[in-house]
Every structure is written in C-alpha cells, then in structure tokens.
Amino acid sequence: MTAPLVTRVVKADAAAVADATRVLAGGGLVAFPTETVYGLGADATDGRAVARVYEAKGRPAFNPLIAHVADLNAAQALGRFDAAAARLAATFWPGPLTLVLAKAERCPVAELATAGLDTVAVRLPDHKVAHDILAAFGKPVVAPSANRSGHLSPTAAAHVLADLGGRIDLIVDGGATPVGVESTIVACVGEPALLRPGGVPRAAIERVLGRKLAEARSAATEGQAQPAPGMLASHYAPRTRLRLNARRVEAGEALLAFGPIPAEGAARAKSVRNLSSRGDLIEAAANLFSQLRALDGVGAIAIAVMPIPAEGLGEAINDRLLRAAAPR
Ligand code: TXA
Ligand code: MG
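Throughout what follows, the structure given in this document is the object of discussion. (Residues numbered from 1 in each chain as written. Chains lettered and ligands numbered in written order. Predicted model: local features only at pLDDT ≥ 70, side-chain atom pairs only at ≥ 80, totals over all residues. Heavy atoms only, no water.)

## Overview of the site of ligand 1
Move 1: Thr36, His68, Thr119, Arg123 and Ser183 are the nearest of the 24 residues found near ligand 1.
Move 2: Contact between ligand 1 and threonine 36: an oxygen atom at 2.7 Å from a side-chain N or O atom of the residue.
Move 3: Here an oxygen atom of ligand 1 sits 2.7 Å away from a polar atom, N or O, in the side chain of histidine 68.
Move 4: When the free accessible area of ligand 1 is taken as 690 Å², the share hidden by the protein chains comes to 97%. (Near = heavy atom within 4 Å. Polar contact = N/O pair within 3.5 Å; in protein donor to acceptor, adjacent residues only side chain to side chain. Areas by Shrake-Rupley, 256 points an atom, 1.4 Å probe, with all protein chains shown as cover.)

## Some points on unusual backbone geometry
Phi is mostly negative for residues that are not glycine, and the peptide bonds are mostly trans.
Move 1: Cis peptide bonds are those with omega within 30 degrees of zero, and the linkage from tryptophan 93 to proline 94 qualifies with -5°.
Move 2: Among the secondary structure elements, proline 94 is positioned in the loop between helix H4 (83-92) and strand E6 (97-103).
Move 3: One non-glycine residue, alanine 115, lies in the positive phi region at around 50°.
Move 4: Here alanine 115 lies in the loop between E6 and strand E7 (119-123).
Move 5: With relative accessibility at 0%, the residue alanine 115 sits in the buried group.
Move 6: For asparagine 245, which is not glycine, the phi torsion reads 50° and is therefore positive. (Helix = DSSP H or I, 4+ residues; strand = E, 2+ residues; numbered from the N terminus. Buried < 20%, exposed > 50% of the residue type's maximum accessible area, 1.4 Å probe, protein only.)

## Things to note about the environment of leucine 164
Move 1: Mapping leucine 164 onto the fold places it in helix H6 (residues 157-164).
Move 2: Through-space distance from the C-alpha of leucine 164 to that of asparagine 147 is 6.6 Å; in sequence the pair is 17 residues apart.
Move 3: In this view, leucine 164 contacts Thr7, Leu40, Ala56, Ala146, Asn147 and Arg148; residues no more than four positions away in its chain are not counted. (Contact = heavy atoms within 4.5 Å.)

## Notes on helix H2 (residues 47-57)
Move 1: H2 sits mainly inside the fold: 9 of its 11 residues count as buried.
Move 2: Listed as buried for H2 are Gly47, Ala49, Val50, Ala51, Val53, Tyr54, Glu55, Ala56 and Lys57.
Move 3: Where H2 is buried, its residues meet strand E3 (38-43), strand E8 (141-142), H6 and helix H8 (281-296).
Move 4: In the stretch just after H2, glycine 58 is the one whose phi turns positive, near 65°.

Function-wise, these values are silent; they only describe arrangement.
Here you go:
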C-alpha cells in the first residue's frame, strides 16, 4: 500500500486546469467532471499511473479503461474508425458515447489500460472542464468513474472526496454533472454492438446506423464463459499455456518472475521477464500485459509464472492471470 496522500480540492478555473495538467504529467491522479459523472484521470500512456488508478479504486480486477481525448484527431491516433464508428462520432461527439475500436497502429495507450486487448475504448466528453484539461494535457487520459469499486458513480466533487479522499492527488470541482449516468458504450469492431447502456439512448444510435445494435458482453459483465466466435475478446488470452504459482522452471518454459529471487532453474528459461524485481505490485501491474505478450512470442512450451501475493493490486493481477491461464 502507498502512503495516504493529501487530496487537494480546487474550484474549476484556468489555474485548476494548469494544476491538473501538472499532476497528470507527473503520473498523478486527478478527479474531474465530465457531462456524465466525475472521472478519475491519469495519463493513459503511463502504465504506472494507470496502475495507481486501479489501486485507488480498489478494483479487484483490471477492467479495461476508457481513454478520453479532446478532439477527433486525437481519437484517430488511438483507434481505427470504420464507417459505423465515423458516423457515430460525427453525430454524438462530443457527448456521452464511448466507442470501442480496433487499436490504431501506434496506439500509445498503456497495455494495462486496455487490459492487454487489441481494442481501445475512446470517448470525447462534452464538458468544458474536461475538455480544457484534455486539450491542455495533450495526451489521452484514462478516467473510470471516480468512486471506490462497488460504490455509486459520483456526480459531485463531494462524492469523490468522500470515496477517494487520501487516495488521489487532486479533485477539480466543476459542480454537479449534468447527465448523471455513464456513457453508452458501443463496440465498432465488426458488427456494431451495445456493450453498456448509458447517456445516449440505444434508439438514437440505431436510427443513425439504420440498423439494430447487436448485444455483446463487455469485459465488465463477462462471466467465465468464452465469447462466441466473432464476438469481442473480453480478456487477454496468450497462445502459450500459463503455469501459475510456479516455484521452478521446467525445460522449454519461459519465466514470468516476481521479486528479487528468481524461481529455481531460471537460468534454463527460454526467456525471463520480471514483473518487479523489487516486489512492487504497482510496477508489476504496469508490466503485466506487455511482459505476457513478450513471453508469448518466444516459442516456449509454457510460461511459468511465479506466485504473486494477493494483497493490494496483487488481487487484480492474480485475477487476470487466472483468466489468461484458463483452458480454451
Ligand atoms: O461516462 C463514462 O464513461 C465515465 C466518465 C468518467 O467518462 N467513465 C466510465 O468508466 O464509466 P468506467 O471505467 O467506469 O467504465 C468503463 C467501461 C467498463 O465497463 C469496461 O469494461 C469498458 O468500459 N471497456 C473499456 N475498454 C473496453 C474494451 N476495449 N472492450 C470492451 N469494453 C471496454
Ligand atoms: Mg464505473
């Protein structure tokens, strides 16, 4: 656990925007209003900052996060817009609609923020304070609702303070959020599909597309079952088998280590990555998906994963490892 922080609350004005931008640039956490609910913002390109978001919220799992941007150009640097996505963006942005898109070629969003998926959720909020912060920062900002996991989404700065005081750096108070429910999430990867109802009604989206939206499970609502073929992948799944809680490395295996002491037989591993050699769970979370991807590419018969403690972010790390290890 990191030491408690002093959470500053500032009224939304030009100085607050500059303040928020500085905190984001330093890898810190800033709650700010959007038209839907308050978001807990962090630099989407900084894996450690993203890991701190999960820690502050106390999320027991790494659900992928929405990358927020100031304009369409910035959105196009993150994801690939098919015809449906382009129509929806032209009609509803800025506004309470999130689009899940295939990642763009050089998408700069940290692997942890997309939970290792090949898709990215992008949103262009319709709120002056959010827009000013995003424009001034100039990089995508992940922002889940600014509440502790399992609590209600905050529609006022006081709700954020009650939930996250002492856990985040700054709250920008821009008054009550007008919409009050989260954004509607539509996946535009193949057939457009509704992942979460929200601020833009389904019927309005279907009218613009001239077709019904398919139903799909989002990573948030997904159970243990695998998605049907053609459906959106709901969690990261390496091709190589994972062997969890490994205390020694077998011949032909790669090693995903954790902590200062490598597993027995580490010298014979095909390849070794260490989530955090100093045993820091925030660093481990930030490295998880990129290191899994790297080891998945070395042609090992399995990836041996050392035990990860279950405290703090370790719970979410173990959750994702279990899903990635599930037989297919
Ligand atoms: O209105 C909103 O969208 C607010 C404000 C702050 O912008 N944000 C918000 O974020 O509600 P959050 O993290 O509470 O919800 C994000 C949802 C999750 O259900 C997550 O599973 C889904 O978006 N999501 C994100 N990336 C995804 C992806 N690549 N594929 C499928 N679902 C994704
Ligand atoms: Mg939420």
